[in-house]
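These are the residues of each chain, in order.
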Amino acid sequence: MIIELFGPAGSGKTTFANALAKHLRDHGYVANVTLCYLPRSRGEGRDRFGIFTVISRISSAIFMTVLVFLSSFGRNNGITSANQLIRTLPPKSPIWRIRIWQYIVRLSRCWTQAQGSTNIIIFDQGFVQAIGSLAMFNGAADDRLIARALESTPRADLVVWMAVPRDVVEARLQARLNREPAAERLFEVDVAGNMQAFDVFDKIGNVLQSAQRSKVSVQAVDEQSIAHELSRVEGEILTRLSRTGVPVTNHTRGGLANNKANTEDHSEKQPLVRHATDEDTQTQALGGTAGRASVAMLHRRHDVGGRLLHASILALLVYIGGAGLTSTAQLGIARLVGATSYGTYSYALAWATVLATLSTLGFNVSLLRFVPEYKAAGRWDLARGVVTFALSWSLSAAMLAGLTGAGLVAFSGKLNHELQTAMLLAMAAVPLMTAYALGATVIRAFGGVVSALLPERVARDGLLLLLMGGAALSGWMTPNASFAMMAVVTSSAVTVILVLATAIKLRPADLKRARASYSGRLWRSAIPPTMLITGLDALIGRTGVMLLGWTGRVHEAGIFALSLNVALLVGLSSVAVSTMFSPTAADLHARGDHEGLQQLFSRAAVLSFSGALALALVLLLVTEPLLSWFGKDFAMGAPIARILIMGYLCNAVCGPQLNLLTMTKHEWAAATTMVAGSVVAVVACAAGIAMDGATGAAIGFTLALVVWNLAMATYIRKRLNILPGLVFAASTFRSGQLRARWG
């Protein structure tokens, strides 16, 4: 059953919709409020004038509209409805025409989902409200045009008219306007304009009555009137449900009705009755809540261990395949452009990567903690809210970073033409790289491990390889650093589309139905530490390249960058293990399972080190002939690559320590160790460059990795009481428990 509310701004539609949903749930029904717009927070803190909030609103609207487009391939009903309504009642202002059009497109998507639900779905602003907005901004709408527009839209089972007195609405609107930041007032209608909507909604009410549409008018002014109107609307709902043959006599008696409602609200696609299994029988034999919890925890740990192993193997295979494509692409770029141009390309790409990572605002890490945590608590509303919040804020930051960087590069007179062009293209890639990084994180949070890796590791680098190979074979473009960065921008754009489509496909059903709730203060508080963590992590890995390029050693920067790409193959096992480790660790921490977390960390460390050791042994043997394939200039990088390989092997020995800290709400500790590690990396690399160029940078970088990991291991042992992974694995092996813990 679908219920929609309509009325002037300030009539209390959202407040009454939420109160009605709660009232119905209290009486045993499954009722949810659907919002097809993003509720915004007023300017707070440093954003007192609301400038960043306005940018976030625009970015969110664009992003959500793109999501609807991607999820509506082959189904253009929403776009058709929006176009038809806009043609029937075209607003005079082009800005409002665009705003209402994109709202109707998203509304159509929400409405289609609601029609497939067996629950009571309440729209605080539906198609009737959209028609009212169109008529208000049209200025010349009569009953005939309004009736034609209403006939072309889907009908709700019940329409609620918020007939609140004019003086009450005017007072509410004036108070709301006074709270609006200065920047947001530019996008809103003033009080006088909103008051003109009363005549429009009176016309709509008369048209609905003439068409004999199911309509009820309410006057919700204070708590007493709201309570009275809620009971009256409930009566109207009961009348309409009885006409459809739905039983209503037991809905208010609690017990089974409430249990059924809660079960259906949790998941419409899951069976209402769970049949007894052997696990249930064993649990009952133990007796009591403690026994059931113990058995459930043992089964959960067994399942977590198996999933970590299988997911890590699958992820490692994908990473190896992607690394093969990446290495082949880098081979093509290096051979085609030479060491100097490759150094220019690597320098520009390093800046783009660091800025894109910073622009994620740390949500590429914190989402892996928040989403599983809310999922474990059954708070799908907060899960949806944090995903929307993260995407809108991060994409806004990425666009700002890209534009700022492009401005600095454009007005800099010290860069040669090739470097300037490559840097401008790198700045254009920043929002795209941020988008697919966050999209992949959302997919991982939804449980898609391999699905999160395929677009970035295979599709992106595969397309990059095709573009470079095509240019070389056809001869239509001279391969240089600028063309390589152009290929990066193109492949990144395609990757964004693939990632968003995958995220929509894997989105849980409960998340689709949930109404987004926001906890902005909590999520904003996580930005500084996680932003430091992710940004400094990207900076540490590219310190050598950036310092060599900054000091004018572009040729050596190219050699160091290629050697680093070879050494990064050793780190693939650690990255592969972390794809499954992070959301699983967040889930165990949220459940308070310390022993399970220790076992998970031990397994992750063993898997990480085993894979890294196998890859390191192979690479140490083939490093020199491998680099020789790239050209004579790169062959001298073999000692550099061997040093970096040993550094990443030491990193794998310690396991996913950074992920463990961030997933257990120790972001500031992780950020502190990252600051220390980055300082050591910059100082050690700078000193190494002064003494022995690129080789010295490799030694300094490896030293920084060792110091950083030792600092994290010390903190984890003291504060989390978790032993280093390999130490715990060795102790369980000696005590004969290794087989049991891994079984």
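Summarised in this report is the structure supplied together with it.

Definitions and limits used
Residues numbered from 1 in each chain as written. Predicted model: local features only at pLDDT ≥ 70, side-chain atom pairs only at ≥ 80, totals over all residues. Heavy atoms only, no water. Helix = DSSP H or I, 4+ residues; strand = E, 2+ residues; numbered from the N terminus. Buried < 20%, exposed > 50% of the residue type's maximum accessible area, 1.4 Å probe, protein only. Contact = heavy atoms within 4.5 Å. Areas by Shrake-Rupley, 256 points an atom, 1.4 Å probe, with all protein chains shown as cover. Core = buried A, V, L, I, M, F, W, Y, C linked by side-chain atoms within 4.5 Å. Expected span 1.5 Å × (residues − 1). Polar contact = N/O pair within 3.5 Å; in protein donor to acceptor, adjacent residues only side chain to side chain. Phe/Tyr/Trp six-rings, centres within 6.5 Å; stacked < 30°, edge-to-face > 60°. Lys NZ or Arg CZ within 6 Å of the ring centre and 35° of its normal. Axes fitted to C-alpha atoms, helices over the stretch in contact; angles between N-to-C directions. Left-handed = near helix turned anticlockwise from the far one by under 90°. Nonpolar A, V, L, I, M, F, W, Y, C, P; charged D, E, K, R; others polar. Patch = residues over 30% accessible without salt bridge, like charges linked within 9 Å, V, L, I, M, F, W, Y side chains within 5 Å. Salt bridge = Lys/Arg side-chain N within 4 Å of Asp/Glu carboxyl O. Arc of directions from axis to C-beta. Pairing = 2+ DSSP bridges.

1. Side note on the overall build of the protein
No. 1: Regarding its fold elements, the protein presents 32 helices and 5 strands.
No. 2: The buried share of the protein, reckoned over its 743 residues, is 51%.
No. 3: Pairs at least 24 residues apart make up 82% of the contacts formed inside the protein by residues separated by at least 6 positions.
No. 4: Accessible area of the protein: about 33000 Å², with a carbon and sulfur share of 61%.

2. Points about the nonpolar core
No. 1: Among the nonpolar cores identified, the biggest contains 124 residues, and Tyr345, Phe363, Leu367 and Phe560 are the most heavily contacted of them.
No. 2: Setting aside residues up to four positions removed in sequence, Phe560 forms contacts with Gly544, Val545, Leu548, Ile640, Leu644, Ala694, Ala697 and Ala698.
No. 3: Membership of the second largest hydrophobic core comes to 39 residues, among which are Ala114, Trp161, Phe201 and Val207.

3. So, helix α19 (residues 481-506)
No. 1: Given a rise of 1.5 Å per residue, 26 residues ought to cover 38 Å, and the 37 Å separating the end C-alpha atoms of α19 matches this to within 8%.
No. 2: At the N-terminal boundary of α19, the capping side chain belongs to Asn480, with an oxygen 3.2 Å from the backbone nitrogen of Ser482.

4. Thoughts on unusual backbone geometry
No. 1: You will see that Leu361, though not glycine, has its phi angle at about 60°, which is positive.
No. 2: Inspection of the secondary structure assignment puts Leu361 in the loop between α14 (288-359) and α15 (363-376).

5. Here we look at the packing of aromatic side chains
No. 1: Under the counting rule described, the total for this entry stands at 11 aromatic pairs.
No. 2: Ring geometry for Phe6 against Trp161: centres 5.8 Å apart, planes inclined by 15°, an arrangement best described as stacked. Highlighted residues: Phe6 in strand β1 (residues 2-6) and Trp161 in strand β4 (residues 158-162), separated in sequence by 155 residues. The two residues Phe6 and Trp161 agree in class, both being buried.
No. 3: Both rings, one in Phe389 and one in Trp393, keep their centres 5.0 Å apart while their planes meet at 25°; by these two values the pair is stacked. Residue Phe389 and its partner Trp393 are both found in helix α16 (residues 380-410); the two are separated by 4 residues, about one turn of the helix. As far as burial versus exposure is concerned, Phe389 and Trp393 are alike and both buried.
No. 4: Ring-pair connections join several aromatic residues into one group, and the members of that group are Phe363, Phe389, Trp393 and Trp523.
No. 5: Lying over the aromatic face of Trp96, Arg99 brings its terminal NZ or CZ to 4.2 Å of the ring centre.

6. Overview of the packing of helix α6 (residues 143-151) against helix α10 (residues 197-210)
Packed helices, taken two at a time, are described by their axes: the angle between them and the distance between them.
No. 1: Where α6 contacts α10, the axes come no closer than 10 Å and their chain directions differ by 60°. The element α6 and its partner α10 pack so that their crossing is right-handed. Listed contacts from α10 to Asp143, Ile146, Ala147 and Leu150 of α6 are Lys203, Ile204, Val207 and Leu208.
No. 2: Its residues assigned to classes, the contact of α6 with α10 shows 6 nonpolar, no polar and 2 charged.

7. Quick word on the packing of helix α24 (residues 554-567) against helix α26 (residues 594-628)
No. 1: Packing of α24 against α26 brings their axes to within 11 Å, and their N-to-C directions diverge by 145°. Relative to α26, the crossing made by α24 is right-handed. Of α26, the residues touching α24 (which contributes Leu562, Ser563 and Val566) are Leu619, Leu626 and Leu627.
No. 2: Residue composition of the contact of α24 with α26, by class: 5 nonpolar, 1 polar and no charged.

8. Here's the deal with a nonpolar patch on the surface
No. 1: Taken together, the side chains of Leu532, Trp668, Val675, Val679 and Val683 make up a nonpolar region of the molecular surface, amounting to roughly 440 Å² of accessible area.
No. 2: If you tally residues by element for the nonpolar patch, the top one is helix α30 (residues 667-720), at 4 residues.
No. 3: Considering the arrangement of structural elements, one finds Val683 in helix α30.
No. 4: For Val683, a relative accessible area of 53% gives the class exposed.

9. Concerning the side chain of Ser482
No. 1: Of note, Ser482 is situated in helix α19.
No. 2: For Ser482, the contacting residues outside a window of four places in its chain are Glu418, Thr421, Ala422 and Leu425.

10. So, helix α1 (residues 13-26)
No. 1: Its 14 residues give α1 an end-to-end C-alpha distance of 20 Å, which sits within 8% of 20 Å, the value for a rise of 1.5 Å per residue.
No. 2: Every buried residue of α1 is listed here: Lys13, Phe16, Ala17, Leu20, Ala21, His23 and Leu24. Take α1 and look down its axis: the buried residues cluster within an arc of 165°, on one side only. For α1, the exposed residues set more than 90 degrees away from the buried face come down to Thr15 and Asp26.

11. Some points on the pairing of strand β5 (residues 215-218)
No. 1: Going residue by residue along β5, you find Val216 and Val218 tucked away on one face and Lys215 and Ser217 left uncovered on the opposite face.
No. 2: Strand direction decides the pairing type here: β4 and β5, joined by 4 bridges, are parallel. Residue pairing across strands places Val159 opposite Lys215, the latter belonging to β5.

12. Observations regarding the side chain of Asn364
No. 1: Mapping Asn364 onto the fold places it in helix α15.
No. 2: A polar contact is formed between the side chain of Asn364 and the side chain of Thr360, at a distance of 3.1 Å.

13. Brief notes about the pattern of salt bridges
No. 1: Under the criterion given, the structure shown has 5 salt bridges.
No. 2: The closest approach of N and O atoms between Glu229 and Arg232, which form a salt bridge, is 2.8 Å. You can see Glu229 and its partner Arg232 sitting in helix α11 (residues 223-243), 3 residues apart, about one turn around the helix.
No. 3: Taking the relative accessible area as the measure of exposure, Arg232 reaches 32% and is therefore partly exposed.
No. 4: Glu624 serves as the salt-bridge partner of Arg642, at 3.8 Å between the closest nitrogen and oxygen. A residue pair is termed long-range when its members are at least 10 positions apart, and Arg642 in helix α28 (residues 638-653) and Glu624 in helix α26 qualify at 18 residues.

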